[in-house]
Amino acid sequence: MIFQDILFYSFSAILIVSALGVITVRNPVNSALLLVLSFVTCAGLWLLLEAEFLAITLVLVYVGAVMVLFLFVVMMLDINLDRLREGFWKWFPFGAMIALVIVVEISMVLMGKYFGYEEMPIPEPKGADYSNTKELGRLIYTEYVYAFELAAVLLLVAMIAAIALTLRHREDKKSTNPFKQVKVKKEDRIRIVTMSAEKKE
């Protein structure tokens, strides 16, 4: 067994354990930290597969931005852990069914040769000037440009929906109306009162 195999199995074991910890630990902060560990370990697997661009993107985007934001939000919010655990057993059968479907799909992909699928061709070794980042960009913006644009539109819709849900009107919500702020005049805000001078004797 070579050193790369040892790294692969070590990273894989850490990734499986940390991913299970994300959904089993009770503390949301610990769950977020385990998810960070999962992302970093997955980036190590990408490096072993010589996909440096995907590894760096995973670390910078998810670990450096998204997960840090999640961690700060979870730490700042006053989360009621007892309330989070109320509907666990209620939705457990549905979650188990979804997990079973995912396991079946992954098994079909990994054991595709038993289902009559053709094996993926092994790429030929490239020269020293070959860049997988350049090749990935060429594929994204040529052959998969429609899927790339569709993913961008879906992310935009999700962002707009999140903003709309955050800014929805509630009774306990305090907000300002920009249109009313623009129309305000100084006469509406300031009242000048004239008073006669008084002198104490």
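All of these numbers come straight from a predicted model, not from anything done at the bench. The numbering scheme is per chain: residues are counted from 1 as the chain's sequence reads. Thresholds applied to this predicted model are a pLDDT of at least 70 for local features of residues and 80 or more for the giving and counting of side-chain atom pairs; totals over whole chains, interfaces and linings are not thresholded and use all residues. The basis for the side-chain values is all heavy atoms of the structure; hydrogens and waters are excluded.

Novice: What's the story with the overall build of the chain in this structure? I'm lost.
Specialist: Looking only at helices and strands, the chain has nine helices and zero strands in total. Going residue by residue from the N terminus, the α and β elements of the chain occur as α-α-α-α-α-α-α-α-α. Relative accessibility thresholds used throughout: buried, under 20% of the residue-type maximum; exposed, over 50%; partly exposed, between the two (1.4 Å probe, protein chains only). Looking at the 201 residues of the chain, the share that counts as buried comes to 9%. Of the contacts formed within the chain by residues at least 6 apart in sequence, a portion of 52% connects residues at least 24 apart. Counting every atom, the chain has about 18,300 Å² of accessible surface; 68% of that belongs to carbon and sulfur. Put simply, DSSP marks the helices as runs of H or I at least four residues long and the strands as runs of E at least two long, and each gets a number from the N terminus on. Only heavy atoms enter the contact rule, under which two residues are in contact if any of them lie within 4.5 Å. Every accessible area reported is derived by Shrake-Rupley at a probe size of 1.4 Å, with residue values counting cover from the shown protein chains alone.

Novice: Even after reading the chapter, I still don't get helix H1 (residues 3-24), so can you show me in this structure?
Specialist: Two residues of an α-helix separated by three or four positions point the same way, owing to the 3.6 residues in each turn. Take the residue count of a helix, subtract one, and multiply by 1.5 Å to get its expected span. Compared with an ideal rise of 1.5 Å per residue, which puts 22 residues at 32 Å, H1 spans 32 Å between its outermost C-alpha atoms and is within 8% of the ideal. Listed as buried for H1 are Ser12, Ser18, Gly21 and Val22.

Novice: Any chance you could explain the UniProt feature "transmembrane region" (unreviewed entry) in the chain here in plain terms?
Specialist: UniProt positions are given in the numbering used here, feature names are shortened, and annotations may be inferred rather than shown by experiment. Here, the residues flagged by UniProt with the feature "transmembrane region" (unreviewed entry) are residues 6-25, 32-49, 55-79, 91-111 and 144-167. The distance separating the terminal C-alpha atoms of residues 91-111 is 30 Å; by composition the span is 95% helix and 0% strand.

Novice: How do you make sense of the pattern of salt bridges when you look at a structure like this?
Specialist: Salt bridges are identified by distance alone: a Lys or Arg side-chain nitrogen within 4 Å of an Asp or Glu carboxyl oxygen. Going through the model one piece at a time under the given rule, you end up with one salt bridge. The salt bridge involving Arg138 is made with Glu135; its shortest N-O contact spans 2.6 Å. Taken together, the residues span about one helical turn, with Arg138 and Glu135 both in helix H6 (residues 132-140) at a distance of three residues. Residue class for Arg138 comes out partly exposed when judged on its relative accessible area of 40%.

Novice: For this particular structure, what's the right way to read the packing of aromatic side chains?
Specialist: Aromatic rings in a pair are described by how distant their centres are and how their planes are angled relative to each other. We call Phe, Tyr and Trp rings a pair once their centres come within 6.5 Å, taking the six-membered ring for Trp, and we label the pair stacked below 30 degrees between planes, edge-to-face above 60, and tilted otherwise. Scanning the entire structure with this criterion turns up three aromatic pairs. With centroids separated by 5.5 Å and ring planes inclined at 75°, the aromatic side chains of Phe8 and Tyr9 adopt a geometry described as edge-to-face.

Novice: How should unusual backbone geometry be read in this particular structure?
Specialist: Trans peptide bonds make up most of the peptide bonds, and negative phi angles are found at most residues other than glycine. A positive phi angle, near 60°, is found at Glu50, a position not held by glycine. Along the polypeptide, Glu50 turns up in the loop between helix H2 (28-48) and helix H3 (52-76).

Novice: What should I look at first to understand the nonpolar core in this one?
Specialist: Proteins that are soluble and globular tend to have nonpolar side chains buried together. Ranked by size, the top nonpolar core spans eight residues in total: Ala32, Phe39, Ala43, Ala55, Leu58, Val63, Met67 and Leu71. Breaking this core down by element, the ones donating at least two residues are H2 and H3. With five residues, the single largest contributor to this core is H3. When residues no more than four places from it in sequence are discounted, the contact partners of Leu71 are Val29, Ala32 and Leu33. Think of a nonpolar core as a cluster: buried Ala, Val, Leu, Ile, Met, Phe, Trp, Tyr and Cys residues, connected wherever their side-chain atoms sit within 4.5 Å.

Novice: Honestly, the environment of Phe39 in this entry has me stumped. Any pointers?
Specialist: Assignment of secondary structure puts Phe39 in helix H2. Residues Phe39 and Leu58, 19 residues apart in the sequence, show an inter-C-alpha distance of 6.9 Å. Residues in contact with Phe39, not counting those within four places in the same chain, are Leu58, Tyr62, Val63 and Met67.

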